[in-house]
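Chain residues, written in single-letter form:
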Amino acid sequence: MKLIFKTLRFIMWSTFATICGLVLISASMYLYLSPALPDVQTLKDFKLQTPMRILSADNKLIAEYGEKRRSPLHYEQIPTHFVQALIAIEDKRFEYHHGVDPVRFTRVVLDLLLTGDKEGAGGSTLTQQVARNYFLSQQKTFTRKFTEILLALKMESELSKQEIFELYINKHFLGYRSYGIQAAATVYYGKDINDLKLPQLALIAGLHQAPSSANPIANPERALAEMIRSDMLERFGDNAYNDGYTVYATINSELQKAANRGVQKTLLSYTRRHGYLGPEAVLEFESENTEEDRKQALNTLNDTAIFGGLIPALVIESDENGLTVIPQGQLEAVLLPIKSDTGVPTIGWARERISINQVGARITTGTQVAPVNSIVRLEKLDNGWSLAQVPAAQGALVALSPSDGSVLSLTGGFDFLLSKYNRVVQSSRQPGSNFKPFIYSGALDKGYTPATIVNDAPLVKSDNSLEDVWRPKNSGDRYLGPIPMRQALYQSRNLSSIRILDDIGVSYARQYVSRFGFNSEELANDMTLILGSTAMAPIQIAQGYATFANGGYAIEPYYISRIEDKDGNIVFEENPAIVCKACPEAPSLFDEGETTVQPAIDITPLALNIDDANNDPVQPAPKAKHYAKQVLSPQTAYLMNSMLRDVIQRGTGRAARAELPRKDLAGKTGTTNDAIDAWFTGFNGDIVASAWVGFDSNTSLGNNEFGGKAALPAWVEFMKTALKDKPENTMPLPVGIVQVRIDPKTGLLARPGTKGAKFEYFNEKNVPTRFTDETLTIDFSADRSTPVDNKSVEPETGAESLF
């Protein structure tokens, strides 16, 4: 009995001594550590590193830039289901403890005493994790752990549970550079946290325990918006990445998708026309197709990047039936047949490319296309998979609003991951005949009319600015003789155009086209100007055509509408010059004395004023509106619009009519020598878009490639989305434009009974006064255009209309 009593007394005193020792150690640690504990109140104003976010005009996330992806939320914004899921996974008694969970803490202490393993199961509460994430390191030491406990107790006494939970979900690393639940929702699902379903919320809640291994994606997202990123770096330096700026771009997400789709589809069609370059890789193994070889091949397949939506695939059979392949991410094999009666795409197009203009023999077996264990590309179509290849050619498309210059979409290549070179703004390419309309409008202001007869015939010209005798040619070396100026434009006749420039003068033309935004000093100072020999970027061409689309006003492209800081304060807001035809204060070339041009738009960030009384930011005062300058007369703008509509209705751009059966579309093709560059720029009153296709190496696109074939399809694909369900927007007939019946052979007034008479539009200042004579012979001996008389004539009726 005495032995039992002594044993119990020993246990009691040992326990008491242990408790006293722990209390003494705890008190000592508290006295030692408490003076150095950070102020918990600073958490209420803690500044998280928040990435720069770029949003489209319709509030869709385009891209995020920064070391850490983070989108802080307030507690009220957190879905209830997520709160419940996270507490159930991380800290079941979060709502009841005071910073430290006694049950979990006791279990961890006993586990440590029994095993000595500091790496065992963690006992930290959500509050302790907040303390560690915001103030401490991840190092596992007793000092750090004790400091964590003290901080947790202090936080619970000074902060609410809601504030602690909010700090936790905004700070915690959840894999793939995402910090906080909103960033994770965007990265992994492309959605707002409140739009996720319960299983998705549960997955994100579970990421807190294993963020690197449990996240549902493995490959980085596609990089966008490089132009905006560079702009932000210039404005704010490296702070642009982590200070939480939100950039609102002018780009519309649906139009951007349409632009990407248009360029990619067009380039894929182009590359199929010129033969197959072969598989991207042929895998070689020492053994003979063992299971280990197949596993290695599949690993190589899965490591191959996706470009432009083209999926890598592994060829597992190649025979007389075609190619049997396994697409990346698929479990079932796919047959790519040589022939098909079901509409399924075949590999028949994949004849070997010998040169840009020559392909090999017709495909009769899959071995002609790719061997077993090779990596090929597939395009997913509505009716099956199609063999494809990453195009060597590149393309670009940019769309603007002609009313203010806002960039609605911008695609600088086939895929940004393949090439970060932005051809919309960084390239410098010859526009070819895409440049002609700017010269033609100058001719109209010099007295030409759409009916003016110009000679489309061979020309040998000696030009002091050119090194040798110049012998320009039409495409195909075909000539039509005397034709109206309208026809010369919509059929893109080079020789007629050269004669027009020769008549109005190169110096006049260079000065005139500067009103479209071009630097006259950079333009060719010889007759090649009319053929688009001066290289320029697609966005410059689109800017110039916007003047035709909006009725004669010069606009400046811009792509950032406003920038907000992390608190929603506007630090920059664009103030574009807008087109206003009814505003008398709008500047114009046609005012007496010519109104001074408005100053260039300030692109530097606005400084926020600070109210010293309460240290709150004061929003900058709104800028006064300013208006785009009128640089073409309404009459010239209308005539150009009318002639450019004919390009689509019956000219070099008529391939667009089938898919865009509208009467309000206008535009112009462009093809340079040897088909090095192909263009199409077109518009209606709502939107203007320019598309370009070519090789970065400045080599030929090949025979039979021209603007209406190589570039126009991208524009059409884009416009199908841009104009869907929108009414036609054709420029109204302005005062000063009249329609008269003429003889298109002479450009003069038609007499009653004149064969082939048509109606034509004229500026009333330049209406012909002479009547045609059936025996009239036009003298082109001097290679000059036919002069016209300037006298108004009332239009007649009963003749066939050009429109």
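Just so it is clear, the structure is predicted and the values come from calculations on it, not from any experiment.

## Description of the overall build of the protein chain
Piece 1. Summing up its helical and strand segments, the protein chain has 20 helices and 32 strands in all.
Piece 2. For the protein chain, the proportion of its 803 residues judged to be buried stands at 51%.
Piece 3. Put simply, of all contacts in the protein chain between residues at least 6 apart along the chain, 69% involve residues at least 24 apart.
Piece 4. Accessible surface for the protein chain amounts to roughly 38600 Å². Of this, 52% is attributable to carbon and sulfur atoms.

## Quick look at the state of the cysteines
Piece 1. Throughout the structure, instances matching the rule amount to 1 disulfide.
Piece 2. In this model Cys580 forms its disulfide with Cys583; the gap between the sulfur atoms is 1.8 Å. Looking down the S-S bond of the Cys580 and Cys583 bridge, the torsion is 65 degrees, so its handedness is right-handed. Each of the two residues, Cys580 as well as Cys583, counts as buried.

## As for the side chain of Asn422
Piece 1. With respect to the secondary-structure elements, Asn422 resides in the loop between β13 (407-411) and α14 (436-444).
Piece 2. Classification of Asn422 by relative accessible area gives buried; the value is 13%.
Piece 3. Of note is the side chain of Asn422, whose polar atom sits 3.1 Å from the backbone nitrogen of Val424.
Piece 4. The residues contacting Asn422, other than those within four sequence positions of it, are Met227, Leu410, Gly412 and Ser427.

## Let's talk about the nonpolar core
Piece 1. Counting residues in each nonpolar core, the largest one holds 69 residues, and the members touching the most others are Phe435, Phe438, Ile439, Leu501, Val513, Phe518 and Phe548.
Piece 2. Ignoring sequence-local partners within four residues, the contact set of Phe438 consists of Tyr512, Val513, Phe516, Phe518, Ile541, Gly544, Tyr545 and Phe548.

## Concerning the pairing of strand β20 (residues 570-573)
In regular strands, side chains alternate between the two faces of the sheet.
Piece 1. With 3 bridges joining them, strand β19 (residues 560-564) and β20 adopt antiparallel strand pairing. Following the sheet pairing, Arg562 is matched in β20 by Glu573.
Piece 2. Connecting β19 to the antiparallel partner β20 that follows it, the hairpin turn spans 5 residues, and Gly568 within it adopts a positive phi of roughly 90 degrees.

## A short note on the packing of aromatic side chains
Piece 1. Inspection of every chain in the model, using the stated rule, returns 16 aromatic pairs.
Piece 2. Seen from their ring centres, Tyr276 and Trp349 are 5.5 Å apart, and the 85 degrees between their planes marks the pair as edge-to-face. With Tyr276 in the loop between α12 (253-273) and β4 (281-282) and Trp349 in the loop between β7 (334-337) and β8 (353-355), this residue pair connects regions lying 73 residues apart in the sequence. In this structure, Tyr276 and Trp349 share a single accessibility class: buried.
Piece 3. Arranged with centres 4.9 Å apart and planes meeting at 65 degrees, the rings of Phe680 and Trp715 form a pair that is edge-to-face.

## Here's the deal with α14
Piece 1. Extensive coverage of α14 is indicated by the burial of 9 of its 9 residues.
Piece 2. Lys436, Pro437, Phe438, Ile439, Tyr440, Ser441, Gly442, Ala443 and Leu444 are the residues of α14 that are buried.

## Let's talk about α12
Piece 1. Here α12 contains 21 residues, and its C-alpha end-to-end distance of 31 Å stays within 8% of the 30 Å for a straight helix at 1.5 Å per residue.
Piece 2. N-cap assignment for α12: the residue whose side-chain oxygen lies 3.0 Å from the backbone N of Glu254 is Asn252.
Piece 3. In the stretch just after α12, Gly275 is the one whose phi turns positive, near 90 degrees.

## Focus on the sheet that holds strand β26 (residues 666-671)
Piece 1. The strand order across the open sheet built from 5 strands is β13-β12-β28-β27-β26, with neighbouring strands paired in antiparallel fashion. The open sheet terminates on both sides in strands that have one partner only, identified here as β13 and β26. Ignoring strand direction, the axes of neighbouring strands in this sheet form an average angle of 5 degrees.
Piece 2. The pairing of β26 with strand β27 (residues 677-683) spans 6 bridges and is classified as antiparallel. Following the sheet pairing, Gly667 is matched in β27 by Gly682.
Piece 3. Along the sheet, α12 makes contact with β12 (394-400), β13 and β28 (688-694), crossing β13 at roughly 30 degrees.
Piece 4. The strands that helix α20 (residues 707-722) touches are β12, β13, β26, β27 and β28; relative to β27, the one it contacts most, it runs at about 35 degrees.

## Points about the packing of α14 against helix α19 (residues 634-650)
Piece 1. At a minimum axis separation of 10 Å, α14 and α19 run at an interaxial angle of 135 degrees. Judged on the interaxial angle alone, α19 and α14 are oblique. For the element pair α14 and α19, the recorded crossing hand is right-handed. Residues Pro437, Tyr440, Ser441 and Leu444 of α14 lie in contact with α19, whose contacting residues are Thr636, Leu639, Met640, Met643 and Leu644.
Piece 2. When the residues that make up the contact of α14 with α19 are grouped by side-chain class, the tally is 7 nonpolar, 2 polar and no charged.

## Quick look at the pattern of salt bridges
Piece 1. Taken as a whole, this structure holds 19 salt bridges when the rule is applied.
Piece 2. Salt-bridge contacts for Asp646 lead to Arg486; the nearest nitrogen and oxygen are separated by 3.3 Å. With Asp646 in helix α19 and Arg486 in helix α15 (residues 485-490), this pair connects stretches of sequence that are 160 residues apart. The same class applies to Asp646 as to Arg486, namely buried.
Piece 3. Note that Asp567 and Lys566 form a salt bridge whose closest N and O atoms lie 3.4 Å from each other.
Piece 4. Take Asp567: its relative accessible area is 57%, and that puts it in the exposed class.
Piece 5. If you follow the salt bridges from partner to partner, you end up with Arg261, Lys265, Glu659, Glu717 and Lys720 in one network.

## Here we look at unusual backbone geometry
Piece 1. Located in the positive-phi region is Asn373, a residue other than glycine, with phi close to 70 degrees.
Piece 2. Residue placement: Asn373 occurs in the loop between β9 (358-359) and β10 (374-381).
Piece 3. One non-glycine residue, Asp725, lies in the positive phi region at around 65 degrees.
Piece 4. Residue classification places Asp725 among the exposed residues on the basis of a relative accessible area of 75%.

How each quantity is defined
Residues numbered from 1 in each chain as written. Predicted model: local features only at pLDDT ≥ 70, side-chain atom pairs only at ≥ 80, totals over all residues. Heavy atoms only, no water. Helix = DSSP H or I, 4+ residues; strand = E, 2+ residues; numbered from the N terminus. Buried < 20%, exposed > 50% of the residue type's maximum accessible area, 1.4 Å probe, protein only. Contact = heavy atoms within 4.5 Å. Areas by Shrake-Rupley, 256 points an atom, 1.4 Å probe, with all protein chains shown as cover. Disulfide = S-S within 2.5 Å. Polar contact = N/O pair within 3.5 Å; in protein donor to acceptor, adjacent residues only side chain to side chain. Core = buried A, V, L, I, M, F, W, Y, C linked by side-chain atoms within 4.5 Å. Pairing = 2+ DSSP bridges. Phe/Tyr/Trp six-rings, centres within 6.5 Å; stacked < 30°, edge-to-face > 60°. Expected span 1.5 Å × (residues − 1). Axes fitted to C-alpha atoms, helices over the stretch in contact; angles between N-to-C directions. Parallel < 35°, antiparallel > 145°, perpendicular 65-115°, else oblique. Left-handed = near helix turned anticlockwise from the far one by under 90°. Nonpolar A, V, L, I, M, F, W, Y, C, P; charged D, E, K, R; others polar. Salt bridge = Lys/Arg side-chain N within 4 Å of Asp/Glu carboxyl O.

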